[in-house]
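Below are the chains, spelled out letter by letter.
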Amino acid sequence: MSQATPSTNAALMERRSQAIARGVGQAHPIFVARGRNAELWDVEGRRYIDFAGGIAVLNTGHSHPEIVAAVKAQLDLYSHTCFQVLAYEPYVELAERLIALAPGAFPKKALFLSTGAEAVENAVKIARFSTGRPGVIAFTGGYHGRTLMTLGLTGKVAPYKSGFGPFPGEVFHARFPVPLHGVSVEDALQSVEQILRNDIEPTRVAAFIVEPVQGEGGFHVAPKAFIAGLKALADRHGILLIADEVQTGAGRTGTWFACERWPVAPDLIATAKSMAGGFPISGVIGRAEVMDAPGPGGLGGTYAGSPLGCAAALAVLRVFERDRLLERAQLLGERITAALHAMAAQMPAIAEVRGLGAMVALELCQGGDPQRPDADMTRRVIAEAARRGLILLSCGTDGNVIRILVPLTAEDALVDEGLQILGDSLRGLQ
Ligand SMILES: Cc1ncc(COP(=O)(O)O)c(C=O)c1O
């Protein structure tokens, strides 16, 4: 039942606390009334610049008119049949488009699901079926979702995994290379080999799963030499390489898939988030013979690859092509990176600025010392920025990284306004 009096954020927060399970976190005590491209307005009429994009979902901005129109047109035709009952062309067309975009000179196939976690789950299922092996090696600091398998793969305990185990077996964590924290590519590759010696024999490992840029883990970019080394190990032992592109995909990093920059193609790619501009759909794209391993009925889901998600995703691809958003991601990334470097030159607390394309972050440490992550300052900067009208998100295993995921469709002037607020908020708390 709606309330007769106009809602305030405080009143809605109170209702939320009474009705919604505590485990569903909320970064900001704000209720949204409407959004347009990179701007939002709350229920009290306050305007915000959105550098969070619903956690990397809005590369094409809030309610992009063409994507909304495509979904409305689809709604007028049919909203659901379940692809496993009665098929529809947009699903097939979307698969054809993504297969053409995915790297690797080999035949590929795709399937669609609803969430990022489901895409990762399905990539693992397919890898297991195809290899006949159970093991999966993931990486420290990696994040793969909130279902039990993807939590098992996730390499951060609090708040994701604590209290939710046991997780599926045969999952191991190697070290992700993070030079700032003293983990080199060699250290990381050695840790994979160590698992293959100490924990599980290579012939029982189905896949390595890695994010091209760790998202929740703190925007650490997987170095090319690390991927090349991982692929060499994979090839030596008949292990598949899965790229979790749920956060990096759909043009965020300047190519449609971040793994297009890899020296080798992954066997399977999990994709979701921005691929449909805010409508829930995810997918797995991969080597045709691997994708075809599970038999009919082994894959799918009631809402998997919903017609609305397919229509939205096809519209996103049209917008990307017409508005050259991949180039835009690269330029925007350079603009943001330059501004963050300028802030870092003045503020010792910024230990590092890093990222790929328009997936950029800064890491805050006491005195700039990587051994002293400053989660408290990060929280305060984010709260201060929100007070000044900028929505930011943190990330990182120690919660001390501020990430920028502004829509690629945002005007330069708006991005600059947001960066100014970020700079002012940082300076104000120094
Ligand atoms: C790299 C990565 N994988 C998987 C997921 C899970 O996606 P979802 O929340 O849509 O299930 C996320 C979500 O943030 C992610 O960043």
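### A word on the overall build of the protein
Phase 1: Looking only at helices and strands, the protein features 14 helices and 15 strands.
Phase 2: Along the three orthogonal principal directions, the C-alpha set of the protein runs to about 55 × 55 × 45 Å.
Phase 3: Put simply, the protein has 430 residues, and 54% of those count as buried.
Phase 4: In the protein, the share of contacts with a sequence separation of at least 24, taken over all contacts with a separation of at least 6, comes to 71%.
Phase 5: Working note: accessible area of the protein is about 17900 Å², and carbon and sulfur atoms make up 54% of it.

### Details of the pattern of salt bridges
Phase 1: Under the definition given, this model contains 22 salt bridges.
Phase 2: Linking E384 and R388 is a salt bridge whose minimum nitrogen-to-oxygen distance equals 2.7 Å.
Phase 3: In this structure E384 comes out as buried when scored by relative accessible area, which is 16%.
Phase 4: The exposure class of R388 is partly exposed, given its relative accessible area of 35%.
Phase 5: We note a salt bridge from R427 to D424, for which the minimum N-O separation is 3.1 Å. Placement of both R427 and D424 in helix α14 (residues 412-429) is noted, with a separation of three residues, approximately one turn of the helix.
Phase 6: On the basis of relative accessible area, R427 is assigned to the partly exposed category, the value being 38%.
Phase 7: Because the salt bridges share partners, they merge into one network encompassing K231, D235, D267 and R287.

### Considerations on the packing of aromatic side chains
Phase 1: One pass over the structure, following the stated rule, counts 11 aromatic pairs.
Phase 2: With centroids separated by 5.8 Å and ring planes inclined at 50°, the aromatic side chains of Y78 and Y88 adopt a geometry described as tilted. Of this pair, Y78 sits in the loop between α3 (65-77) and α4 (89-101) while Y88 sits in the loop between α3 and α4, and the two are 10 residues apart along the sequence.
Phase 3: Here Y78 falls in the partly exposed class, since its relative accessible area comes to 27%.
Phase 4: The interplanar angle of 85° and the centroid separation of 6.5 Å between the aromatic rings of W256 and F257 together place this pair among those described as edge-to-face.
Phase 5: For F257, a relative accessible area of 0% gives the class buried.
Phase 6: The ring of W41 is capped by R34, whose NZ or CZ atom sits 4.2 Å from the centre of that ring.
Phase 7: Positioned over the ring face of F106 is K108, at 5.0 Å from the centre of the ring.

### Concerning the side chain of H220
Phase 1: Relative to the elements of secondary structure, H220 occurs in the loop between β7 (205-210) and α9 (224-237).
Phase 2: Looking at H220, its side chain comes within polar contact range of the side chain of R354, at 3.4 Å.
Phase 3: Apart from residues lying up to four places away in sequence, H220 is in contact with F176, V178, P212, V213, Q214, R354 and E363.

### So, the site of the ligand
Phase 1: Every residue lining the ligand is accounted for by T115, G116, A117, Y143, H144, G145, E211, E216, D244, V246, Q247 and K273.
Phase 2: Between the ligand and A117, the relevant distance is 2.8 Å, taken from an oxygen atom to a main-chain nitrogen or oxygen of the residue.
Phase 3: Within the side chain of Q247, an N or O atom sits 2.9 Å from an oxygen atom of the ligand.
Phase 4: Relative to its unbound accessible surface of 390 Å², the ligand loses 83% to contact with the protein.

### So, the environment of V85
Phase 1: Tracing the backbone through its elements, the reader meets V85 in the loop between α3 and α4.
Phase 2: Classification of V85 as exposed rests on a relative accessible area of 60%.
Phase 3: It is 9.2 Å that separates the C-alpha atoms of V85 and T302, two residues lying 217 residues apart in sequence.

### Regarding the packing of α4 against helix α11 (residues 307-322)
Phase 1: Relative orientation of the contacting elements α4 and α11 amounts to 40°, with a least axis distance of 9 Å. Taken together, α4 and α11 sit at an angle that is classed as oblique. Where α4 crosses over α11, the handedness of that crossing is left-handed. Residues P90, Y91, E93, L94, R97, L98 and L101 of α4 touch α11, and the partners they reach there are C310, A313, L314, L317 and E321.
Phase 2: Across the contact of α4 with α11, the residue classes break down as nine nonpolar, no polar and three charged.

### A closer look at the layout of surface pockets
Phase 1: The space that makes up the second largest pocket amounts to roughly 410 Å³.
Phase 2: Around the second largest pocket, the lining comprises 18 residues; the ones closest to its centre are F83, Y91, A110, L111 and L299.
Phase 3: Counting residues per element, the ones that place at least two in the lining of the second largest pocket are α4 and β4 (108-113).
Phase 4: Here the element with the most residues in the lining of the second largest pocket is β4; it accounts for four residues.
Phase 5: Residue classes in the lining of the second largest pocket are distributed as 11 nonpolar, five polar and two charged.

### Overview of the pairing of strand β9 (residues 268-271)
Phase 1: Where burial is concerned, the two faces of β9 agree: the one with L268 and A270 and the one with I269 and T271 are both buried.
Phase 2: Sheet topology note: the strand β8 (residues 240-244)/β9 ladder contains three bridges and is parallel. Across the sheet, A243 pairs through a bridge with I269, a residue of β9.

### Quick look at α3
Phase 1: Its 13 residues place the ends of α3 19 Å apart at the C-alpha level, agreeing with the 18 Å of an ideal helix rising 1.5 Å per residue.
Phase 2: What α3 keeps buried is the set I67, A70, V71 and Q74. The buried residues of α3 occupy one face: seen down the axis, they fall within an arc of 95°. The exposed residues of α3 that point more than 90 degrees off its buried face are K72 and D76.
Phase 3: Packed against the buried residues of α3 are α4 and α11.

The rules behind the values
Residues numbered from 1 in each chain as written. Predicted model: local features only at pLDDT ≥ 70, side-chain atom pairs only at ≥ 80, totals over all residues. Heavy atoms only, no water. Helix = DSSP H or I, 4+ residues; strand = E, 2+ residues; numbered from the N terminus. Buried < 20%, exposed > 50% of the residue type's maximum accessible area, 1.4 Å probe, protein only. Contact = heavy atoms within 4.5 Å. Areas by Shrake-Rupley, 256 points an atom, 1.4 Å probe, with all protein chains shown as cover. Salt bridge = Lys/Arg side-chain N within 4 Å of Asp/Glu carboxyl O. Phe/Tyr/Trp six-rings, centres within 6.5 Å; stacked < 30°, edge-to-face > 60°. Lys NZ or Arg CZ within 6 Å of the ring centre and 35° of its normal. Polar contact = N/O pair within 3.5 Å; in protein donor to acceptor, adjacent residues only side chain to side chain. Near = heavy atom within 4 Å. Axes fitted to C-alpha atoms, helices over the stretch in contact; angles between N-to-C directions. Parallel < 35°, antiparallel > 145°, perpendicular 65-115°, else oblique. Left-handed = near helix turned anticlockwise from the far one by under 90°. Nonpolar A, V, L, I, M, F, W, Y, C, P; charged D, E, K, R; others polar. 1 Å grid on protein atoms, 1.4 Å probe; cavity = no way out; pocket = protein on both sides within 12 Å on 5 of 7 lines; lining within 4 Å. Points joined across faces, edges and corners; volume = space filled by probe spheres on them. Pairing = 2+ DSSP bridges. Expected span 1.5 Å × (residues − 1). Arc of directions from axis to C-beta.

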